[in-house]
Amino acid sequence: VCRLRSLGKENGDAVATSDAQRRLTWAELDSESCRVGRSLMEIGLERGELVLVQLPNWVENLLVRYALKRAGLLGVYVPVGWREAELERVVRSSGARAIVAPARFLGTDFQEMFRRMTAKFPNLQRGIFIRGEVARSAATFCWEELAATRGHGDDLGAFQPWEVSLISVSSGSTGAPKLCEWPEAAHWLAGRGLAERLEISSQDVVGVFCPLGGGAGAMGWLVALAAGARIVLGESFHAEEMLDTISRERVSFVSTVPTILLRLLEVSDLSRWDLSALRLI
């Protein structure tokens, strides 16, 4: 949070992150995440409670990470492709109080899924939905309205370095999902150490072409934050669309996983794209 605040002040007009629909400066990323963090507390969430986050690679996926940190809320990050069978295990074991998800994505109505889950899990009391029409109620909220709150607010609940500030979900190839705790300092040290080792600077453009909540995705956004580098989020993992984005945005560092990298290598003629900025995968 301190790093984001300093980038917002010192490098505020520079583009911080983008996806296929939105582009935010460091100042905008700092301001919107702060407003949403305050709004989450105002709708009844309390410091230390867990919030399930199920989003594609949208800029809101970054925004919510910072918003939760500022409010002292623990984000539990799960794949956007999961449905009730997988989600119920995590909700049951974590006791999550809220979920942040798309209104609709790839043909799935996440609001309807939330309503079905609240009938089974009374602790799941708030749903915040993004980019779509939201059926507002005492339990459902629209991200865009939370972000439109006036004023900047303070980071009243921000985590201390030794506190657990994020929970990742890892199930490997088999078995039930496992919840993995990350102290705040571990995140900062991982990002700073990787940025130094990979020689990432503020002049780089970091392209994240894998789920942001996974290990490779975390490497991308943590490195970018530590270095003050621009983050390009790839929503699509189709090879030609990824190459279009890498070329258009002049991506210099690609963060991905072997399965997705193989898709790029299987493209018949890579010379159709200008990949001259790319120096590191």
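Every chain begins its residue count from 1, and numbering advances along the sequence as written. pLDDT decides what is reported in this predicted model: residues at 70 or higher carry local features, side-chain atom pairs at 80 or more are listed and counted, and totals for whole chains, interfaces and linings draw on all residues regardless. With hydrogens and water set aside, each side-chain value is computed from the structure's full complement of heavy atoms.

Novice: How do you make sense of the nonpolar core when you look at a structure like this?
Specialist: It is characteristic of soluble globular proteins that their nonpolar side chains tend to be buried jointly. Leu 40, Leu 52, Ile 128, Trp 143, Ile 200 and Trp 221 are the most contacted members of the largest nonpolar core, which totals 92 residues. The contact rule is simple, with two residues in contact once any of their heavy atoms fall within 4.5 Å. Leave out the neighbours within four places in its chain, and Ile 128 touches Leu 40, Ile 43, Ala 98, Ile 99, Val 100, Ala 101, Phe 141, Trp 143 and Leu 146. The set of buried Ala, Val, Leu, Ile, Met, Phe, Trp, Tyr and Cys residues whose side-chain atoms join them within 4.5 Å is what this entry labels a nonpolar core. Relative accessibility under 20% of the residue-type maximum defines a buried residue, over 50% an exposed one, and the middle range a partly exposed one, all with a 1.4 Å probe and only protein chains included.

Novice: For this particular structure, what's the right way to read helix α8 (residues 215-227)?
Specialist: Helix and strand assignments come from DSSP, with helices taken as H or I runs of at least 4 residues and strands as E runs of at least 2, each series counted from the N terminus. Expected helix span is given by 1.5 Å per residue-to-residue step, counting one fewer step than there are residues. Taking 1.5 Å of rise per residue, 13 residues should cover 18 Å, and α8 covers 18 Å from first to last C-alpha, within 8% of that figure. Burial analysis of α8 places 11 of its 13 residues in the buried class, which makes it a mostly covered element. Every buried residue of α8 is accounted for by Ala 216, Gly 217, Ala 218, Gly 220, Trp 221, Leu 222, Val 223, Ala 224, Leu 225, Ala 226 and Ala 227. Residue Gly 228 follows α8 closely and has a positive phi angle near 75°.

Novice: Can you walk me through the sheet that holds strand β4 (residues 74-77) in this structure?
Specialist: The strands that make up a sheet are held in pairs by hydrogen bonds between backbone atoms, and each pair lies either parallel or antiparallel. Pairing between strands is defined by DSSP: at least two bridges between the two strands are required. Strand order in the open sheet made by the seven strands is β9-β8-β5-β3-β4-β10-β11, with mixed pairing throughout. Each having just a single partner strand, β9 (140-142) and β11 (178-183) make up the two edges of the open sheet. Adjacent strand axes in the sheet meet at a mean angle of 25°, parallel and antiparallel pairs treated alike. Pairing of β4 with strand β10 (residues 164-170) involves three bridges; the strand directions are parallel. Opposite Val 76, over in β10, you have Ile 167 as the bridge partner. Here the axes come from fitting lines to C-alpha atoms, over the contacting stretch only for helices, and the angles between their N-to-C directions go from 0 to 180 degrees.

Novice: Any chance you could explain empty space enclosed by the protein here in plain terms?
Specialist: One way to see where empty space is left: roll a probe the size of a water molecule over the atoms. We place a 1 Å grid over just the protein atoms. Points where a 1.4 Å probe fits but has no way out form a cavity, open points with protein on both sides within 12 Å along at least 5 of 7 lines form a pocket, and any residue with an atom within 4 Å of a point lines it. Grid points are joined across faces, edges and corners, and a volume is the space filled by probe spheres set on the points. Taken as a whole and assessed by the stated rule, the structure comprises one cavity of 30 Å³ or more. Taken together, Gln 54, Leu 87, Ile 99, Ala 101, Phe 110, Met 113, Phe 114, Met 117 and Phe 129 form the lining of the largest cavity. Broken down by secondary-structure element, the contributors of at least two residues to the lining of the largest cavity are β5 (98-102) and α5 (110-120). When residues of the lining of the largest cavity are assigned to their parent elements, the largest contribution, four residues, is made by α5. Following the grouping adopted for this structure description, the nonpolar residues are Ala, Val, Leu, Ile, Met, Phe, Trp, Tyr, Cys and Pro, the charged ones are Asp, Glu, Lys and Arg, and the polar ones are all others, Gly among them. Taken together, the residues of the lining of the largest cavity break down into eight nonpolar, one polar and no charged.

Novice: What's the story with the side chain of Arg 131 in this structure? I'm lost.
Specialist: By the element assignment, Arg 131 lies in the loop between β8 (126-130) and β9. With relative accessibility at 18%, the residue Arg 131 sits in the buried group. Polar contact is the term for a pair of N or O atoms within 3.5 Å; when the atoms are in protein, one must be able to donate a hydrogen and the other to accept it, and sequence-neighboring residues count only if both atoms are side-chain atoms. Looking at Arg 131, its side chain comes within polar contact range of the side chain of Asp 19, at 2.7 Å.

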